[in-house]
Structure formats: C-alpha cells, structure tokens
Amino acid sequence: MASFLYRLGSGAFRRRGLVLTVWLVSLAGVGVGAAVFSAPTSDTFTIPGTQSQSALDLLSSRFPAASAGNASAQLVISAPAGQTVTSAQNHATIENVVKAIGRAPQVGNAADPFLTGTVSKDGSTAIVSVSYKVTAPDVSDAARAALTHVAADARHAGLTVDYAGTAAQAGTGVGGTETLGLVIAAVVLLITFGSMIAAGLPLLNALIGVGVTFLGIEVVSGFVTLSSTTSTLALMVGIAVAIDYSLFIVSRYRHELEEGRAPREAAGRAVATAGSAVVFAGMTVIIALAGLSVVRIPFLTTMGLAAAGSVLVAVCVALTLLPALLGLAGANIFSRAQRRRMTRPAAPTGTKKPAGERWGQFAIRRRWIMLPASVIVLLLCAIPALSLRTSLSTAQDPTTTQGRATTQIDHAFGPGYNGTLLVVIDHAKGAALTAAATEAQKSISALRNVSLVSPATPNPARDVAILTVVPATGPATAATEKLVLDIRDQAKSFDAENDARLQVTGETALNIDVSDRLASALVPYVVLIVVFALLLLLVMFRSVLVPLKAVIGFLLSLVASLGAVVAVFQWGWLDSLFGITATGPIMSILPIFLVGLLFGLSMDYEVFLVTRMHEEHGHGATPHEAIVAGMRHGTRVVTAAALIMISVFAGFITGDQVIIKSIGFALAFGVLVDAFLVRMTTVPAVMSLLGKTAWWAPRWLARILPRIDVEGSELAEPAPAPAGCEPPLGRRPSDEDQAPEHGTDQTVV
C-alpha cells in the first residue's frame, strides 16, 4: 500500500495543475447537476415490513380520500379570555377560516370543527383539521403561506391561532451553523502550524471536498427521496474528517521536509505514511456509516450512505488534491520565521521536550493512576444513560407556533389528541364491515388508557373502514405505547372472529414501530461494525490486543456520550447554556447513529496515534521508546484534530432541529472524552502495561494475515546528496531539486 500511495502522492504533486483542474471541473459538474436535478426533501418515515406501514399502504391504494399518507395540518384556534369559540362572532370567523383554507392550493379538505366535534368541552378552543392532496415534501410554499395568511386574518378578528402538522413544517436545509466551527478550526490550524498557508490548505481541501459531496447529494435527491437532515449530517461529518485527514498529511509533509527531503519526495512519503492511516481510518468510518443500512429503515440508510460518501470524498481529496495544493504552496508551507529557524545550526541538546513527549512519559509513569481515573470519569458520565428514553416525538419548542399549538391542544383536549391512533379494518364488505367496525369500536373503547374512539368511516367500496382512537396520554409516553400493543394483541382474536383484519397505524404508531426497529437492530449493528473494524485493525497492526483495546475504548466513549446527552436533553442539565427550550425523550435514531459516527471517528485517533507507535516499533524501538515517539509526533496533531472536530460538531448545537442539535452535542462530547481521556491517556498507559505483548499475534494468524505496509518501510531511501550540493533550507538534494521537470517545481521549497 505504501508504494502505491507514494506514487499517487508524488504524482499528484508533480501534476498539480491537472489534479486541481480535475477537481474543480468535478465541482462545477455536480453543481450543474444539482441545479438541474435537485428536489425537495422529506421527513416522512417509512418502515417496510411493519404493521403501521402496511396499513398506510392499504389506505393509499383502497382509501386515498383518507389521505393517511399525505400532508396534514391542524389550525388550533382559541377564543380570548371570557369568550368561547361557539359565540356568534367567533363561530362566523372560524367558518370563514374553514372556507379560506379549503380554497388554498393543494388542500383536499378542511374539516369544520363544529361538525366533526373538535371543539373543547369548555368551548375555549377548536381544531380545524386540514388534509392535503400531496405528501409533505410536495407541499408548495404557496400552500404553506396560505396557513400563515389565514391565521393572520383570524388573529385580526381577536382569536389566537397557531398551527402544526407536517404541512406546516418546511424542509430545513443546511444553515450557517457550521461557520463558527470553521472559524475555530482555522484558529486551531494557525496555532498548530504557525503558517497561514499551512493552516489554509486543510480548510481549502475540506471546502472543495464538502462542496462536491453536498452538490452530489442534491443531484441524488432528484432520484431518491432524502430527509432534510441528510445533507446536514453529511456536511457535519465531511467537514470534520476532511480537515482532520488533511491536517495529518500536511503535518507529516512538513516533518519530512524538516528531515531534509525534497518537496516531491516529502509529499510522496507523507501520503504513503500518514495517507495509509487516513485510508484505514476512513474505511472504519465508511463501514460504520454504511452499516446503518442493516436497520432497514430507508431514511436512515440514505443518511448513513450520504455521510459515508462524504468520508469517501474526504479521503480522495486528502490523497490527491492535497498533494497538488502542497506543490502550489511552495515554500509558504512554512512561515518566514520557520524558514529562518530551519536554516540555522541545530539547537544544542538538553532543550525542552515537546509537550506530547512529556505527557506520554507522564502517562506511562502514572499508568496505575491515570488508567483507573480515566475509566472512573467515563463511567460517571455514563450513569444518566441508565434512564435513557427514546422517541421520534421529541419535545416541541414552546416559542414556535408548532409548540404553542401542541401545548394548547394538551390543555384544551388532553395530551392524547397530539398522538391519535388510526385503526384500519379490511377484508369485510357491506353489512359485515359495519358489524366488524362496530365490534372493534366497542372492544377498543373497553381498553385502559382510551379517551375516545370515533365511529367508523368506510371507503366508497365499503371494504375498508377507519377508526380514530384518542389515547388518554401523550404520544411519547409508555402508556400510549402499551395501548398500541394492547390493540394489536386484541386484533389476533378479532381477525378470526370477524373474518377481517385490524391494523393500527398513524404517526404515533409509526413512531413506535420505528423505535422498536431501531432498538432491535442496535445490537446486530454494533456487532457488525465492531467485527469489521477488528478485522481492519488486525490487518493493519498485525496484533490481537491493539484492536481489542481500541474497541473497549470506543465503548467507554459511547456510554459516556449517551449519558451526557441524557443529562442535557432529557434531564435538562445546562439546557439554557446549549439553547434547549424543551426537554424530553431522546430522538430514537440518535443512539444508533451515534454508534456509527463515534465509532468511526474514535478509530481515527486510535489509528493516527498507534500507527506512529507501530512504525517506531517496526524500526527497532523498544516498547517504551515507541510509545513516547508516537506521543511526541502525534499528540500535538491529534489535539488539533480533536479541537477541530469538537468545534465543527459544536457549531451544529446552535441549529433549530432537535436531531441535529443532539447529534452535534453527542459527537462533540464524544470526541472530547475519546481524544483526551481514552486515546491520549489510557492508550499510552495500556500500551506500556502490555509492552511487547501489545504487538503479539498467534503464528498461525500472522501467516494468513496479508502484509500491508502502512509505515512506508518498503520505500527506498533517496540517494545520498552529491558532495558540495546544498539544497534550500538545508535539505538534501534529489533529482527534483537539481533538474525540475519542465520548470514546474522551481517555486517549491
């Protein structure tokens, strides 16, 4: 591998103009494709193979007038204090609202609350239920604007109006929340390298790569339905890993130049060594994200594949575009002050050791303290995870119209009206259907936690009927989930006795089925990515214990991150600090998505730190020397990479989507504890305890493992410098220094 990557890096360095042109043309190409094919996103959940999805599909084909899968909205209208919505004036105003919204674009039906009975018992509030002819992603801006205009007209008449529902929620794309993270990343890179050019290259590399990814996702959206968070999450991951991967290669390139290598030779060796680590680190992230497809939920699969695609692009730009940019940067990869220092005589021995080396030696000397202390801190952070509750129905921001509508419905009608269930009955016709529906209404009404069961509504063919069930509790409660299970249990005997089939669906039931699917898939998913990662690390390090140590460290980081998320987003600790206006159950997709993202990212630091230790060990260093050397060369860069990751992810905490805020927080906290507590504290401590055993593998295993050179040991050293020839900055000359090819290398160091 090292030889191939060496040729790739040195070739990109030499053909830098061509490489840069190819990437810019690619960026322009996907930009044109995005302009032509880009389509709206959709937050509609589909989960094939579940009862709720089966019932929705049935209604779509045999009872389309029910609009079960289409967009909907609820206008919650409240009278002023001391008045009721049934008074003559308010009644007339609401009738006008119903007529106006019924004439709005794409509206199929606007239900009169005085006819449907959606007026609260005290007369303070009425709900106008609006069904649309199209699905949520197809609702036009004009249709959404109609809700705003109608609400404004009713407010002018003295009523309070708020609205909620899928039609009221515009798809949210990528906002500006990543800007702060990029600014902090630029500052960290400048401090790390001390050169504007060296700091800017990883950012430029990342922006081009992320631009290709984001525009590529827009192209795909024209052919595949994507959720509104797909591009945001891909952007979040893509920026972070692209900067990190570029940071590692730029750092190694500068190190090779400081060792006296010619620029093209240094670029080839940087890509061969640090690039090998980038390839393996990227593969672990890609496997973890692409593995989300095992959950068999389409929206989660597309999110995982999009994020995996962003990582793949980040790896490609790091291995090809970055060497080309290094060639264009020339001597400016170092600041003037750094170039002057490099031309001076070597500093006398006894100078202060680098901070990474000192920290590594400290962690080794105090390993019996540092190791248990780090584990205890991580386990303490994990304690809140024991009370983790998940749901797709998260708490609403009370400052938004959707949040106010939900709160008003709770107060006026009860929390169950925000989580109604839809019971579908089919396989009976005519009078048999009516009898079956009546029996279903009677038996469901007798169940606990049922507030109301509406009379059956049949389709024109009278072979399908629907019942609306209003629970006594909210949609995200355990009691409502139990009610769904009770109805489904009752359906087993109902189907046999009435020659019919009873199914439960609706948004609440769909959310419950999604949560159950995610929970049942979590363990197989973790096993899948851990096994694949163990195999990759086993091949990379030819060791049994190093991969096991890496996985255990990840599990500690994972439970600590979940605990922190529960403490902030569920318990409300420090909620005002993070701009959280409402607490409640954690979004059910977060744990499984966090597993994939955090596993891949935590392996990055493991690979970059331990690869350097493995390299030094392969060159004959003792275990202690290899650990110290790995920390000396890797700590500063890993610290910078972690700070960049944290800043990028933390920037998304300021977003307005709960799932984006929570994932951004979880990843920022996870990277924090994984980089500083696990990788840079427990890793040197454990490696020192293991000694030579860390690199042990059974002989039979060593024989069958492929040999992949990730340290660059198979690269030949350049010929010694000719006498009397002194290259710039004290580096030894090569054929490139003496005879630049077609003048292309004359500007470089």
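Trainee: Help me out: how do you make sense of the overall build of the chain in this one?
Mentor: From N to C terminus, the chain includes 24 helices and 11 strands. Sequence separation of 24 or more characterises 80% of the internal contacts of the chain that already satisfy a separation of 6 or more. Put simply, the chain shows about 30,700 Å² of open surface, and 62% of that area lies on carbon and sulfur atoms.

Trainee: Quick question: what am I supposed to make of the environment of Ala476 here?
Mentor: When you line up the elements, Ala476 lands in the loop between strand S9 (464-471) and helix H17 (478-498). For Ala476, a relative accessible area of 27% corresponds to the partly exposed category.

Trainee: Sorry if this is basic, but what is going on with the packing of aromatic side chains here?
Mentor: To describe a pair of aromatic rings, one takes the distance between the centres and the angle between the planes. Across all of its chains, the model carries eight aromatic pairs by this definition. For the ring pair Phe413 and Tyr417, a centre distance of 5.0 Å and an interplane angle of 50° mean the geometry is tilted. Residue classification places Phe413 among the buried residues on the basis of a relative accessible area of 14%. For Tyr417, a relative accessible area of 27% gives the class partly exposed. Seen from their ring centres, Phe554 and Phe599 are 4.6 Å apart, and the 85° between their planes marks the pair as edge-to-face. A residue pair is termed long-range when its members are at least 10 positions apart, and Phe554 in helix H19 (residues 545-570) and Phe599 in helix H20 (residues 590-618) qualify at 45 residues. Judged by relative accessible area, which is 1%, Phe599 ranks as buried. Cluster of aromatic residues (ring-pair linked, three or more members): Phe569, Phe665 and Phe669.

Trainee: What exactly am I supposed to notice about the confidence of the model for the chain here?
Mentor: In regions of low pLDDT, the predicted coordinates are not meant to be interpreted in detail. Across the chain, the average pLDDT comes to 81, with 88% of residues at 70 or higher. Helix H24 (residues 735-738) is the least confidently modelled element of the chain, averaging 39 in pLDDT, while helix H14 (residues 367-382) averages 92, the highest of any element. Here residues 171-175 is a poorly scored stretch, pLDDT under 50, and it has 11 contacts once near neighbours within four places are set aside; other chains count.

Trainee: I would appreciate a short explanation of H14 in the present structure.
Mentor: Two residues of an α-helix separated by three or four positions point the same way, owing to the 3.6 residues in each turn. Under the 1.5 Å per step criterion, the end-to-end length of H14 is 22 Å for 16 residues, consistent within 8% with the ideal 22 Å. Residues Met370, Ser374, Leu378 and Ala382 constitute the buried set of H14. Axial view of H14: buried residues confined to an arc of 105°, hence all on one face. H14 presents Trp368, Ile369, Ile376 and Leu380 as exposed residues on the side facing more than 90 degrees away from its buried surface. Its buried side turned inward, H14 meets helix H13 (355-365), H19 and helix H22 (658-690).

Trainee: It is not clear to me how the nonpolar core should be interpreted in this structure. Could you clarify?
Mentor: Nonpolar side chains in soluble globular proteins tend to be buried together. If you look at the biggest cluster of nonpolar residues, it comprises 150 residues, and the most contacted ones within it are Tyr245 and Leu300. In terms of residue count, the dominant contributor to this core is helix H11 (residues 298-329) (18 residues). If we ignore the near neighbours within four places in the chain, the residues touching Leu300 are Leu292, Val295, Leu518, Ile589, Ile592 and Phe593. If you look at the next biggest cluster of nonpolar residues, it comprises 29 residues, including Ala79, Ile94, Val98 and Ala104.

Trainee: Could you clarify how one ought to interpret a nonpolar patch on the surface in this entry?
Mentor: Where nonpolar side chains cluster on the molecular surface, the patch consists of Val32, Val36, Phe37, Val220, Phe223 and Val224 and spans about 560 Å² of accessible area. No other element matches the three residues that helix H2 (residues 16-37) contributes to the nonpolar patch. Take Phe37: its relative accessible area is 38%, and that puts it in the partly exposed class.

Trainee: How should I be thinking about the sheet that holds strand S4 (residues 160-164) in this particular structure?
Mentor: Sheets are built from strands paired through backbone hydrogen bonds, the pairs being either parallel or antiparallel. Read across the sheet, four strands follow the order S2-S3-S1-S4 without closing on themselves; strand pairing throughout is antiparallel. Taken across any chain shown, the strands that pair with only one partner, and hence form the sheet edges, are strand S2 (107-110) and S4. Strand-to-strand twist in this sheet, taken as the mean axis angle between neighbours without regard to direction, amounts to 20°. Sheet topology places strand S1 (residues 72-78) next to S4; five bridges connect them, and they run antiparallel. Considered in S4, the bridge of Gln74 is made with Ala164. The strands that helix H4 (residues 88-102) touches are S1, S2 and strand S3 (125-132); relative to S2, the one it contacts most, it runs at about 165°. Helix H6 (residues 141-156) rests against S1, S3 and S4 of the sheet, and its axis sits at about 160° to S4.

Trainee: What should I look at first to understand unusual backbone geometry in this one?
Mentor: Negative phi characterises most residues that are not glycine, and trans characterises most peptide bonds. The phi dihedral of Gln106 falls on the positive side, at around 70°, and the residue is not glycine. Within the secondary structure, Gln106 sits in the loop between H4 and S2. The partly exposed category is assigned to Gln106, whose relative accessible area is 24%. Non-glycine residue Arg542 carries a positive phi angle of around 50°.

Trainee: Help me out: how do you make sense of the side chain of Thr473 in this one?
Mentor: By secondary structure assignment, the location of Thr473 is in the loop between S9 and H17. Here the side chain of Thr473 touches Thr477 through a polar contact of 3.2 Å, side chain to side chain. Setting aside residues no more than four positions away along its own chain, Thr473 makes contact with Pro415, Gly416, Asn449, Ala479 and Thr480.

Trainee: It is not clear to me how the pattern of salt bridges should be interpreted in this structure. Could you clarify?
Mentor: When their charged atoms lie close together, side chains carrying opposite charge are able to pair. All chains considered together, the criterion is met by 14 salt bridges. The partner of Arg62 in a salt bridge is Asp463, with the nearest N and O atoms 3.2 Å apart. Placement of Arg62 in helix H3 (residues 51-62) and of Asp463 in the loop between strand S8 (457-458) and S9 is noted, with a sequence separation of 401 residues between them. The residue Arg269 makes a salt bridge to Glu265 at a minimum N-O spacing of 2.6 Å. In this pair, Arg269 and Glu265 both sit in helix H10 (residues 263-290), four residues apart, roughly one turn of the helix. Relative accessible area serves as the criterion here: at 6%, Arg269 is assigned to the buried category. The structure contains a network of salt bridges with shared partners spanning Arg62, Asp426, Asp463 and Arg501.

Rules behind the numbers
- Residues numbered from 1 in each chain as written.
- Predicted model: local features only at pLDDT ≥ 70, side-chain atom pairs only at ≥ 80, totals over all residues.
- Heavy atoms only, no water.
- Helix = DSSP H or I, 4+ residues; strand = E, 2+ residues; numbered from the N terminus.
- Contact = heavy atoms within 4.5 Å.
- Areas by Shrake-Rupley, 256 points an atom, 1.4 Å probe, with all protein chains shown as cover.
- Buried < 20%, exposed > 50% of the residue type's maximum accessible area, 1.4 Å probe, protein only.
- Phe/Tyr/Trp six-rings, centres within 6.5 Å; stacked < 30°, edge-to-face > 60°.
- pLDDT = per-residue confidence, 0-100.
- Expected span 1.5 Å × (residues − 1).
- Arc of directions from axis to C-beta.
- Core = buried A, V, L, I, M, F, W, Y, C linked by side-chain atoms within 4.5 Å.
- Patch = residues over 30% accessible without salt bridge, like charges linked within 9 Å, V, L, I, M, F, W, Y side chains within 5 Å.
- Salt bridge = Lys/Arg side-chain N within 4 Å of Asp/Glu carboxyl O.
- Pairing = 2+ DSSP bridges.
- Axes fitted to C-alpha atoms, helices over the stretch in contact; angles between N-to-C directions.
- Polar contact = N/O pair within 3.5 Å; in protein donor to acceptor, adjacent residues only side chain to side chain.

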